Amino acid sequence: MRLKLTVCFILLLCNMAVLAQPKAISSYIEAWKKTGKDQSYASQVFFDSLRITKDDPVAKKRYWDDINQLHHYLDRHPDRRLGVRLMMFEIMAAREQGLAPRYYSVIDSIIKIAYPLNDAQLNAELYSIRADIPPSGETHLLYNLKAVEIQRSIGFSHFPYVHNRFFGISAVLFGQSNYAQCIAYGKEGLKTWNLDSVH
């Protein structure tokens, strides 16, 4: 009888742990499942928290623990969109902690994984991340231009930090001595500056 009670108690604890795990990561899951025009800002909240707490060792550990829990959740509940968003978050966490180079080779495969979702807004976010990853000014220009093209069609106000795309384009064009286009994109970047009222 005592053995049965012990086994029941252990099973109950295990069951509670499994049920509790998604609660710790439920805010990520809820935000990352969004597909509408508010999806970029819903996800940006987590990127912003990485930046704000990047020097807090407790927060760093929590983010990596959350990332591990999210990977385990996806192992049990496969979801292409959540997987893409998780990898984006992992790249941003690595970037804030100086570990970004280990993710340079991953972003192109994430873009391919996201493609079947047919979500232009998500693609624009991925292109923005890709634009900031080496190797060269040409890829920086290409992916920023691709991101801006999509962002323009959806509406710049639905994207955080959209002005950074324009300034990135402008900087590369300046380096290429294409001053007229450099100025044009710089001016357009200034026009979009106030569209992102959060940042």
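Located above this text is the structure these notes cover.
Source: prediction; values computed, not measured. The residue numbering used here restarts from 1 in each chain and proceeds along that chain's sequence as written. Confidence filtering applies because this is a predicted model: local features only for residues at pLDDT of at least 70, side-chain atom pairs given and counted only at 80 or more, and all residues used for totals across whole chains, interfaces and linings. Excluded from the side-chain calculation are hydrogens and water; included are all heavy atoms of the structure.

Helical segments are the DSSP runs of H or I of at least four residues, strand segments are the runs of E of at least two, and each set is numbered from the N terminus. Secondary structure summary: the protein contains 9 helices and 0 strands in total. Secondary structure elements of the protein occur, N-terminal to C-terminal, as α-α-α-α-α-α-α-α-α. The contact criterion used throughout is that any non-hydrogen atoms of two residues lie within 4.5 Å. A separation threshold of at least 6 residues defines the contact pool for the protein, and within that pool the share at least 24 residues apart is 62%. Accessible areas in this description were obtained via Shrake-Rupley with a 1.4 Å probe; residue shielding takes into account the shown protein chains only. Entry remark: accessible area of the protein is about 11200 Å², with carbon and sulfur atoms responsible for 61%.

Glancing now at the packing of helix H3 (residues 57–76) against helix H4 (residues 80–96). Across the interface, H3 lies against H4 with an axial gap of 11 Å and an inter-helix angle of 160 degrees. Judged by the angle between their axes, H3 and H4 are roughly antiparallel. The element H3 and its partner H4 pack so that their crossing is left-handed. Side by side, H3 and H4 meet where Tyr63, Trp64, Ile67, Leu70, His71, Tyr73 and Leu74 of the first sit next to Leu82, Gly83, Leu86, Met87, Phe89, Glu90, Ala93 and Ala94 of the second. Residue composition of the contact of H3 with H4, by class: 12 nonpolar, 2 polar and 1 charged. An axis is simply a line fitted to the C-alpha atoms; with a helix, the fit covers only the stretch in contact. Between two such axes, the angle follows the N-to-C directions and lies from 0 to 180 degrees. By definition in this entry, angles of less than 35 degrees are roughly parallel, angles greater than 145 are roughly antiparallel, angles of 65 to 115 are roughly perpendicular, and the rest are oblique. Left-handed is the label given to a crossing in which the near helix is rotated counterclockwise from the far helix by less than a right angle, and right-handed is the label when the rotation is clockwise. Each residue gets one label: Ala, Val, Leu, Ile, Met, Phe, Trp, Tyr, Cys and Pro are nonpolar, Asp, Glu, Lys and Arg are charged, and the others, such as Gly, are polar.

Assignment of secondary structure puts glutamine 121 in helix H6 (residues 120–131). Here's how the labels work: a residue is buried when its accessible area is under 20% of the maximum for its type, exposed when over 50%, partly exposed in between, all with a 1.4 Å probe on protein chains only. Looking at glutamine 121, the relative accessible area reads 4%, which means it is buried. Only 3.1 Å separates the side chain of glutamine 121 from the backbone oxygen of lysine 37, close enough to count as a polar contact. Side chain to side chain, glutamine 121 and serine 40 meet in a polar contact 2.8 Å long. Among all residues touching glutamine 121, those that are not within four sequence positions of it are Gly36, Lys37, Gln39, Ser40, Ile150, Ile154, His158 and Phe159. Whenever two N or O atoms come within 3.5 Å, that pair is a polar contact, provided that in protein one can donate a hydrogen and the other can accept it, and provided that, for residues adjacent in sequence, both atoms are side-chain atoms.

Buried Ala, Val, Leu, Ile, Met, Phe, Trp, Tyr and Cys residues that are joined via side-chain atoms within 4.5 Å together make up what is termed a nonpolar core. Formed by 52 residues in total, the largest nonpolar core has its most connected members in Tyr28, Trp32, Phe89 and Leu126. When residues in this core are grouped by element, the largest group, 10 residues, is from H4.

Turning our eyes to something else, we now look at the pattern of salt bridges. Salt bridges are defined as contacts in which a side-chain nitrogen from Lys or Arg sits within 4 Å of a carboxyl oxygen from Asp or Glu. On inspection of all chains with the given rule, the structure shows 10 salt bridges. The partner of arginine 51 in a salt bridge is aspartate 48, with the nearest N and O atoms 3.5 Å apart. With arginine 51 and aspartate 48 both in helix H2 (residues 39–52) and 3 residues apart, the pair spans about one turn of that helix. Exposure remark for arginine 51: the relative accessible area of 33% places this residue in the partly exposed category. Among the residues examined, aspartate 48 registers a relative accessible area of 14% and is labelled buried. Across the salt bridge formed by arginine 85 and glutamate 125, the nearest N and O atoms sit 2.6 Å from each other. In this pair, arginine 85 sits in helix H4 while glutamate 125 sits in helix H6, placing the two residues 40 residues apart along the sequence.

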